[in-house]
Amino acid sequence: MFRLEVRASTPAWFNLALPLLAIGATLVLCSGLIALAGAGVLESYGVMFTASLGDSYAITETMVRAAPMIFTGLAVAVAFRAKFWNIGAEGQLLAGAVASCFVGAIPMPGPLAMFLMAVAGAAAGAAVALVPATLRVKFKVDDVVSSLLLNSVIYYALMALIEGPWKDTFSGYPISPPIEDSANFPVLLEGTRLHLGVVVALITAPLIWFLIVRTTLGFRIRVTGENQEAARYGGIHVERVLISTALLSGALAGLAGVGEVGGVHFQVMSDISPGYGYSGIVVAMLARLNPLGVVPAAIFLAAVMTGAEAMSRATGVPAFLSDVIQGTALLAMLVALLFTAYRIRRVGAAR
Amino acid sequence: MSAVFEQIFQVGFLAAIIRIATPLAFATLGEMFSERAGVLNLGIEGIMLLSAMTGFTAASLSGSLWLGVLAAVLTGMLMGALHALFTVVLGLSQHVCGIGVTLFSSGLAYFLYRLIFGQQSVPPSIKGFETLPIPVLSGIPVLGPAVFNQFALVYMAILAIPLAAFVLYRTPWGLSVRMVGENPRAADSAGVSVIATRFQAVVLGGALMGLAGAFLSMAQFNAFTFGVVSGRGWVAIALVVFGRWDPWRSAGAALLFAFVDALQLRMQASGLGHIPYETFLMLPFIFTIVAMAVMSRNAVAPSALLKPFRREER
């Protein structure tokens, strides 16, 4: 007989081993679908790897995709640390994109425009996140459901905007007018799409780590998440912490949208986010809610997304495999996390 | 004002409300069973999508709509079992598992659909369910054509409401479900298997979510598209709160939501000026959020909702 035994502490190498275990299990499980599609498993994964991490250009493309997921991953990690269940990063991202597109279309010096785009996008994301947080604090409304429903509201609002006032009267396409050329984020490597926003994302991760681990607000966020009653007893104003967390989380998700407008699309369209907000949940869980872990986790998912498209062209396996991989990775990671709480012990027959 | 009343009491409008309410009623009852047993199922959105896909595929390949419904129900039960395995047996976070089940099911639905049907310029469709007028009853003025000239699945949804209430409040199994959702420790002492009961409730909930998906792809749209569910699962979760975890109230909540949805569809059709129709699509979701804000203060969720049960831990 085997039984689960509560583990007192977890060794540090678990932080690396568990995500790797989960990812390994995911790739093994999803190989069944590749075989079902009639393609070679190793060949398909090989194409995925080469197309996403095989050469320097592929790596820059993967990093461009990773940037929004670093931001949404951080947004979710911060929120989940406080047990504020923000599933609304998708809507907050869209709000950030719309706000930054508004600002970016106003003629002004480039650096100022980029700065104001970031401010507006972060503010818009924070404003959206404030809704579920306020509803939870004031009306006891479940934050999961309200933040999920809000995603639909924001999405339709964006659609109404690009089908209505923003609609391209010349072509009739439902896209916003482009931002000013001077507001386009500078490209860092000639011939690639690697833009300033990617670097900002990479710098933001350690900053958020510092905030969570080393500052008073970070301490309050962690204590609130671990034990709300204890936090309250210890004199922490839990409601205020939840609101602050929501503002921070929403602002981070909003910045994901800013990067997509300023660095990738230069305008807003209906498919500006292929679900980066939801991917942020997968990223945050793979990272075990550690802001530093968010970076490699986001790069992994970005590589899967970039690679899946190339794999689809080469082998005919539907690119939606990347969506299955994301879902499977999240579930596999949750199961792997059991090892942090329990160890499996062999129990003798005498017991 | 009288014009508004005229519209509301139009037979077509009433029939539309009933049709819109049907998948929501199935989904809401499914989520309610799961939550009454203490398990939040955020996988609902993905389960409905995958069921809609498998149901459509089975119907399209076999030519039998009822085989499609069976496939959708079995899919729902299977995914319910998956969620139960993670949350009930392994005791993992219900929030994150549910999101995982939704991401996984949606991804699988897209993947398999593309694999089976390829990329076609015109999405394949089927000849969906036809209305099945009930003799005599469909002759009643207004109510007859609106309620008793509907799809067979609509009648099933209407019957499912009293049936769900009966099962939950009048059967030993229903009592067990309520016990494991309110006080699993006491239920365990009374000899009720908490794990088994919760597992069964989540699987039953999955079956109902499967029916919701089947209705969408085989009666409402007669095709599978990636937006076939588009948030209806999330709405169902809100409706359970709004309906205070009771079958009758939950079904009433579904009807109320369907009224708002039918109203915004009418507003779209009337083409109010140059307002893009997406503006109206927001309304049911805003309504749901506001309704939750109004109701949540006094709503009492099952006490053991979100709490995993392990016998050896005290």
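You'll find the structure just up there.
Keep in mind the model is a prediction, meaning the values are calculated, not measured.

Conventions we followed
- Residues numbered from 1 in each chain as written.
- Chains lettered and ligands numbered in written order.
- Predicted model: local features only at pLDDT ≥ 70, side-chain atom pairs only at ≥ 80, totals over all residues.
- Heavy atoms only, no water.
- Helix = DSSP H or I, 4+ residues; strand = E, 2+ residues; numbered from the N terminus.
- Rg over C-alpha atoms; globule rule 2.2 N^0.38 Å.
- Buried < 20%, exposed > 50% of the residue type's maximum accessible area, 1.4 Å probe, protein only.
- Areas by Shrake-Rupley, 256 points an atom, 1.4 Å probe, with all protein chains shown as cover.
- Lys, Arg positive; Asp, Glu negative; His and termini not counted.
- Charge placed at Lys NZ, Arg CZ, Asp CG, Glu CD.
- Polar contact = N/O pair within 3.5 Å; in protein donor to acceptor, adjacent residues only side chain to side chain.
- Contact = heavy atoms within 4.5 Å.
- Buried area = accessible area lost by both parts, 1.4 Å probe.
- Salt bridge = Lys/Arg side-chain N within 4 Å of Asp/Glu carboxyl O.
- Nonpolar A, V, L, I, M, F, W, Y, C, P; charged D, E, K, R; others polar.
- Axes fitted to C-alpha atoms, helices over the stretch in contact; angles between N-to-C directions.
- Parallel < 35°, antiparallel > 145°, perpendicular 65-115°, else oblique.
- Left-handed = near helix turned anticlockwise from the far one by under 90°.
- 1 Å grid on protein atoms, 1.4 Å probe; cavity = no way out; pocket = protein on both sides within 12 Å on 5 of 7 lines; lining within 4 Å.
- Points joined across faces, edges and corners; volume = space filled by probe spheres on them.
- Core = buried A, V, L, I, M, F, W, Y, C linked by side-chain atoms within 4.5 Å.
- Phe/Tyr/Trp six-rings, centres within 6.5 Å; stacked < 30°, edge-to-face > 60°.
- Expected span 1.5 Å × (residues − 1).

S.K.: I'm lost on the overall build of chain A in this one. Help?
M.R.: What chain A contains, in helices and strands, is 13 helices and 2 strands. Against the compact-globule benchmark of 20 Å for 351 residues, chain A has a radius of gyration of 21 Å, which places it among compact chains. Referenced to the eigenvectors of the C-alpha coordinate spread, the extents of chain A come out at roughly 80 × 60 × 35 Å. In chain A, which comprises 351 residues, the share counted as buried stands at 56%. For chain A, the computed accessible surface area is about 14,700 Å², with 66% contributed by carbon and sulfur atoms. Of the side-chain charges in chain A, 21 are positive and 19 negative, and the distance between the mean point of each set is 19 Å.

S.K.: Got a minute to help me understand the overall build of chain B in this structure?
M.R.: Scanning chain B for helices and strands turns up 13 helices and 2 strands. Relative to the 2.2 N^0.38 estimate, which gives 20 Å for 314 residues, the radius of gyration of chain B is 20 Å and therefore close to what a compact globule would have. Principal-axis analysis of the C-alpha atoms gives chain B an extent of 60 × 50 × 45 Å. Across the 314 residues in chain B, those meeting the buried criterion constitute 59%.

S.K.: In this structure, what is going on with the side chain of B:T288? I would like to understand it.
M.R.: The topology assignment puts B:T288 in helix α13 (residues 278-296). With a relative accessible area of 3%, B:T288 lands in the buried category. Polar contacts involving the side chain of B:T288 include one to the main-chain carbonyl oxygen of B:P284, which spans 2.6 Å. Each residue touching B:T288, except ones within four places of it in the same chain, is listed here: A:L149, B:V235, B:A238 and B:F257.

S.K.: Would you mind showing me how to read the interface of chain B and chain A here?
M.R.: When the parts of a complex come together, some accessible area is lost, and that lost area is often used as the size of the interface. The partner chain A presents 45 residues to the 42 residues of chain B that form the contact. Both faces combined, the contact of chain B with chain A buries some 3,900 Å², and carbon together with sulfur accounts for 83% of it. Per-residue buried area on chain B facing chain A is highest for B:V96, B:F111 and B:I289; these three make up 16% of the total on that side. Along the contact surface separating chain B from chain A lie 0 salt bridges. Counting the contacts that link chain B with chain A gives 1 residue pair in polar contact (both at pLDDT 80 or more). Contributions of two or more residues to the side of chain B that touches chain A are made by α4 (65-89), α5 (94-117), α11 (232-242) and α13 of chain B. The class makeup of the residues in the side of chain B that touches chain A is 29 nonpolar, 8 polar and 5 charged.

S.K.: What should I look at first to understand the environment of B:E182 in this one?
M.R.: Residue and element names in this part refer to chain B. Within the element layout of this structure, E182 appears in helix α8 (residues 172-182). Owing to a relative accessible area of 39%, E182 belongs among the partly exposed residues under this scheme. Ignoring any residue separated from it by four or fewer positions in sequence, one finds E182 in contact with P302, S303 and A304. Reaching out from E182, the side chain makes a polar contact with the side chain of S303 at a distance of 2.5 Å.

S.K.: Please explain the environment of A:R7 as it appears in this structure.
M.R.: Residue and element names in this part refer to chain A. On the secondary structure map, R7 appears in the loop between β1 (2-6) and α1 (14-36). For R7, a relative accessible area of 17% translates into the label buried. The spatial distance from the C-alpha of R7 to the C-alpha of V98 is 47 Å, given a sequence separation of 91 residues. With near-sequence residues (within four places) excluded, R7 lies in contact with F14, F339, T340, A341, Y342 and R343.

S.K.: I keep staring at the packing of helix α2 (residues 11-36) of chain B against α11(B) and nothing clicks. Help me out?
M.R.: Helix-helix packing is characterised by the crossing angle of the two axes and by the distance between the axes. Residues and elements named next belong to chain B. Axis separation between α2 and α11 bottoms out at 8 Å; the angle between their running directions is 60 degrees. In this view, α2 runs oblique relative to α11, as classed from their interaxial angle. At the point where α2 passes α11, the crossing takes the right-handed sense. For the pair α2 and α11, contact is made by L24, A27, T28, E31, M32 and E35 and by R232, V235, A236, I237, L239 and V240, respectively.

S.K.: Explain empty space enclosed by the protein here, please?
M.R.: Space left empty within the atom packing is revealed by a probe, the size of a water molecule, rolled over the atoms. Residues and elements named next belong to chain B. Counted according to the given criterion, the structure contains 1 cavity of 30 Å³ or more. By volume, the largest cavity is sized at about 40 Å³. As for the largest cavity, its lining consists of A238, L239, F242, A253, F257, F287, T288, A291 and M292. Within the residue set of the lining of the largest cavity, elements represented by two or more residues are α11, α12 (247-270) and α13. For the lining of the largest cavity, the element with the highest residue contribution is α13, accounting for 4 residues. Residue composition of the lining of the largest cavity, grouped by class: 8 nonpolar, 1 polar and no charged.

S.K.: Mind showing me how you'd approach the nonpolar core here?
M.R.: For soluble globular proteins, nonpolar side chains are generally found buried alongside one another. Membership of the largest hydrophobic core comes to 218 residues, with the highest contact counts inside it found for A:F80, A:L149, A:V268 and B:F224. Looking at which element gives the most residues to this core, the answer is helix α3 (residues 56-81) of chain A, with 14 residues. B:F13, B:I20, B:A21 and B:A258 belong to the second-largest nonpolar core, a separate cluster that totals 6 residues.

S.K.: What should I look at first to understand the packing of aromatic side chains in this one?
M.R.: Scanning the model with the defined rule gives 17 aromatic pairs over all chains in all. Taking 4.7 Å as the distance between ring centres and 65 degrees as the angle between the ring planes, the aromatic pair formed by A:F80 and A:W85 counts as edge-to-face. Accessibility assignment for this pair places A:F80 and A:W85 in one class, buried. Pairing B:F33 with B:W173 gives two aromatic rings, centres 6.3 Å apart and planes at 35 degrees, and the pair type is tilted. With B:F33 in helix α2 and B:W173 in helix α8, this residue pair connects regions lying 140 residues apart in the sequence.

S.K.: Even after reading the chapter, I still don't get the side chain of A:T72, so can you show me in this structure?
M.R.: Residue and element names in this part refer to chain A. Checked against the element boundaries, T72 lands in helix α3. What makes T72 buried here is its relative accessible area of 0%. A polar contact of 3.0 Å, which involves the side chain of T72, links it to the backbone oxygen of Y276. Here T72 is in contact with A89, L93, A256, Y276, G277 and G280, once residues within four sequence places are set aside.

S.K.: Got a minute to help me understand the environment of A:G54 in this structure?
M.R.: Mapped onto the fold, A:G54 is located in the loop between α2 (41-53) and α3. For A:G54 and A:G307, which are 253 residues apart along the polypeptide, the C-alpha to C-alpha distance reads 10.0 Å.

S.K.: What should I look at first to understand helix α4 (residues 89-104) of chain A in this one?
M.R.: Between the first and last C-alpha of α4(A) there are 22 Å, a value that for 16 residues agrees with the 22 Å anticipated at 1.5 Å per step. Counting buried residues in α4(A) gives 15 out of 16 residues, a clear majority hidden from the surface.

S.K.: Explain the pattern of salt bridges to me, please; I cannot follow it from the model alone.
M.R.: For side chains of opposite charge, pairing can occur when their charged atoms come near one another. Residues and elements named next belong to chain A. Counted by the stated rule, this structure contains 6 salt bridges over all chains. Ionic pairing is found between R65 and E309, a salt bridge with its closest N-O pair at 2.9 Å. One end of the pair, R65, is in helix α3; the other, E309, is in helix α12 (residues 291-315), with 244 residues separating them in the sequence. Residue class for R65 comes out buried when judged on its relative accessible area of 19%.

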